[in-house]
Amino acid sequence: MAMNETIAAIHQTTDEIVELTKGLSDELILWKPTEEKWSIQEVVCHLEEAIPYWLHELQDTLKKPAPWGRGLQHEGRLAAVSQAHQRSTADALEGLANTKQQVETILGSISEDDLKLEAESRNPRFGIKPMSFIIDHLLTDHLVTHLKQIRRNIEQFEARKLTN
């Protein structure tokens, strides 16, 4: 996929998440399907933090190839989720929507050759990957996965209401 198509896909998924979430009740946005699962608010706050994180990891690795990435226990990741319910949904959605400009600026500056650069991930599960992996897997696919998670939360919340 060409970079302009990738940027458009990321923008589209971001817009879908924002639009889908905007019309939901606070009760649904804050509801957690289980203690281990995230609320929609937590998902939105996670994405608002994760998108800039991966864009900067990509930029930094292109400037100076070195191990990139993070684990599930990364402080910024954990803080975004743990503090999600202290924020207004409108603020979190605005923050997520604002990541689109960063996506356009940073990904728009990346060449085809940049995408081929390989570096080792800090996550042993990934090993050595080309920089295209960060864009494809940790930005584009990641957003789609969380859009599906939001839809699943909505379905489970509605199903729960029908059985109560």
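Residues numbered from 1 in each chain as written. Predicted model: local features only at pLDDT ≥ 70, side-chain atom pairs only at ≥ 80, totals over all residues. Heavy atoms only, no water.

Their axes nearest at 10 Å, the elements helix H1 (residues 3-22) and helix H7 (residues 131-163) cross at an angle of 20°. In terms of their interaxial angle, H1 and H7 are classed as roughly parallel. The crossing of H1 and H7 is left-handed. Contact residues: Met3, Thr6, Ile10, Thr13, Thr14, Glu16, Ile17, Leu20 and Thr21 in H1; Ile135, Leu139, Thr140, Leu143, Val144, Leu147, Ile150, Arg151 and Ile154 in H7. For the contact of H1 with H7, a count of residues per class yields 11 nonpolar, 5 polar and 2 charged. (Axes fitted to C-alpha atoms, helices over the stretch in contact; angles between N-to-C directions. Helix = DSSP H or I, 4+ residues; strand = E, 2+ residues; numbered from the N terminus. Parallel < 35°, antiparallel > 145°, perpendicular 65-115°, else oblique. Left-handed = near helix turned anticlockwise from the far one by under 90°. Contact = heavy atoms within 4.5 Å. Nonpolar A, V, L, I, M, F, W, Y, C, P; charged D, E, K, R; others polar.)

What follows concerns the packing of H1 against helix H5 (residues 89-108). For any two helices packed against each other, one specifies the crossing angle of their axes together with the interaxial distance. Here H1 crosses H5 at 175°, and the two axes come no closer than 10 Å. In this view, H1 runs roughly antiparallel relative to H5, as classed from their interaxial angle. Of the residues in H5, those in contact with Met3, Thr6, Ile7, Ile10, His11, Thr14, Asp15, Ile17, Val18, Thr21 and Lys22 of H1 are Thr89, Leu93, Leu96, Ala97, Thr99, Lys100, Val103, Glu104, Leu107 and Gly108.

Let us now look at the pattern of salt bridges. If you walk through the whole model with that rule in mind, you get 10 salt bridges. Linking lysine 100 and aspartate 15 is a salt bridge whose minimum nitrogen-to-oxygen distance equals 2.7 Å. Taken together, the positions of lysine 100 in helix H5 and aspartate 15 in helix H1 put the pair 85 residues apart, joining distant regions of the chain. Lysine 22 serves as the salt-bridge partner of glutamate 19, at 3.0 Å between the closest nitrogen and oxygen. Of the two residues, glutamate 19 and lysine 22 both sit in helix H1, 3 residues apart, roughly one turn of that helix. Taking relative accessible area as the criterion, lysine 22 reaches 51% and is therefore assigned exposed. Shared partners join several salt bridges into a network, and the residues in it are Glu48, Arg87 and Asp91. (Salt bridge = Lys/Arg side-chain N within 4 Å of Asp/Glu carboxyl O. Buried < 20%, exposed > 50% of the residue type's maximum accessible area, 1.4 Å probe, protein only.)

Because each turn of an α-helix spans 3.6 residues, side chains separated by three or four positions end up pointing in the same direction. Among the residues making up helix H4 (residues 75-82), those that are buried are Arg77, Ala80 and Val81. Projected down its long axis, H4 shows its buried positions confined to an angular sector of 95°, all on one face. Those residues of H4 that are exposed and angled more than 90 degrees off the buried face are Glu75 and Ser82. Considering only its buried residues, H4 is in contact with helix H3 (40-63). (Arc of directions from axis to C-beta.)

Applying the stated rule across the entire model yields 6 aromatic pairs. Plain terms: the ring middles of tryptophan 54 and tryptophan 68 are 6.2 Å apart, the flat faces sit at 75° to each other, and that makes the pair edge-to-face. Of this pair, tryptophan 54 sits in helix H3 while tryptophan 68 sits in the loop between H3 and H4, placing them 14 residues apart in sequence. Judged by its relative accessible area of 0%, tryptophan 68 falls in the buried class. One aromatic cluster is present, built from ring pairs that chain together Tyr53, Trp54, Trp68, Phe126 and Phe133. One cation-aromatic arrangement involves arginine 70 over tyrosine 53; the distance from NZ or CZ to the ring centre is 4.1 Å. (Phe/Tyr/Trp six-rings, centres within 6.5 Å; stacked < 30°, edge-to-face > 60°. Lys NZ or Arg CZ within 6 Å of the ring centre and 35° of its normal.)

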